[in-house]
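Read off the chains here:
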Amino acid sequence: MRLDKYLKVARIIKRRTVANDACDTEHVEVNGRRAKASYDVKIGDIIKITFGEKTLTLRVLDVREHVAKGDASLLYEVIGE
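Residues numbered from 1 in each chain as written. Predicted model: local features only at pLDDT ≥ 70, side-chain atom pairs only at ≥ 80, totals over all residues. Heavy atoms only, no water.

## Considering the overall build of the chain
Looking only at helices and strands, the chain has two helices and five strands in total. The secondary structure elements of the chain, listed N-terminal to C-terminal, are α-α-β-β-β-β-β. Computed over its C-alpha atoms, the radius of gyration of the chain comes to 11 Å, within 12% of the 12 Å expected for a compact globule of 81 residues. Each principal axis of the C-alpha distribution contributes one length, and for the chain these read about 30 × 25 × 20 Å. Taken across its 81 residues, the chain has 35% of its residues classed as buried. (Helix = DSSP H or I, 4+ residues; strand = E, 2+ residues; numbered from the N terminus. Rg over C-alpha atoms; globule rule 2.2 N^0.38 Å. Buried < 20%, exposed > 50% of the residue type's maximum accessible area, 1.4 Å probe, protein only.)

## What about the environment of Ala22?
Within the secondary structure layout, Ala22 lies in helix 2 (residues 16-24). Taking the C-alpha atoms as reference, Ala22 lies 8.4 Å from Ile49; in sequence the two are 27 residues apart. Aside from chain neighbours lying at most four places away, what touches Ala22 is Ile13, His27 and Val28. (Contact = heavy atoms within 4.5 Å.)

## With respect to the sheet that holds strand 3 (residues 46-51)
Ordered in space as 2-1-3-4-5, the five strands form an open sheet in which the pairing is antiparallel. The strands lining the two open edges of the sheet, one partner per strand, are strand 2 (33-34) and strand 5 (76-80). Examined bridge by bridge, strand 1 (residues 28-30) and strand 3 share three bridges and lie antiparallel to one another. When the sheet's bridge partners are listed, Val28 is paired in strand 3 with Ile49. (Pairing = 2+ DSSP bridges.)

## Brief notes about the pattern of salt bridges
A full pass over the atoms with the stated rule returns six salt bridges. Among the ionic contacts, a cluster of salt bridges with common partners joins Arg2, Asp4 and Arg16. (Salt bridge = Lys/Arg side-chain N within 4 Å of Asp/Glu carboxyl O.)

## Comments concerning the side chain of Asp4
Counting through the fold element by element, Asp4 comes out in helix 1 (residues 3-9). Among the polar contacts made by the side chain of Asp4, one reaches the side chain of Asn20 at a distance of 3.4 Å. Once residues within four sequence positions are removed from consideration, Asp4 is found in contact with Arg16, Ala19, Asn20 and Ala37. (Polar contact = N/O pair within 3.5 Å; in protein donor to acceptor, adjacent residues only side chain to side chain.)

## Here's the deal with the pairing of strand 3
A regular strand carries its side chains on alternate faces of the sheet. Where strand 3 meets strand 4 (residues 54-60), six bridges bridge the pair, whose relative direction is antiparallel. Among the inter-strand pairings, Ile47 is bridged to a residue of strand 4, identified as Leu58. Count of turn residues in the strand 3/strand 4 antiparallel hairpin: two residues, of which Gly52 carries a positive phi of about 65 degrees.

## Here's the deal with helix 2
Ala19, Ala22 and Cys23 are the residues of helix 2 that are buried. All buried residues of helix 2 lie within an arc of 100 degrees about the axis, which places them on one face of the element. Residues of helix 2 that are exposed and point more than 90 degrees away from the buried face comprise Thr17 and Asp24. On its buried side, helix 2 packs onto helix 1 and strand 1. Of the residues one or two after helix 2, Glu26 is the one with positive phi, at around 60 degrees. (Arc of directions from axis to C-beta.)

Structure below.
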């Protein structure tokens, strides 16, 4: 699954276009490297997202096309904030 879509499905970022912009402006890293929106997310990937002064680091636990709102947090594990 594309990185921008994963961030939206997991409800880390509310809209796919915003997730795409975050990738384009180099606010997203996967496994220590800047990632494009087209990056193919895999289980075990470490995603680091910078929101201004704040940084969110998470590990991908599952990749699904569709998920209920209540189950979105089961797709990842927060490692650091």
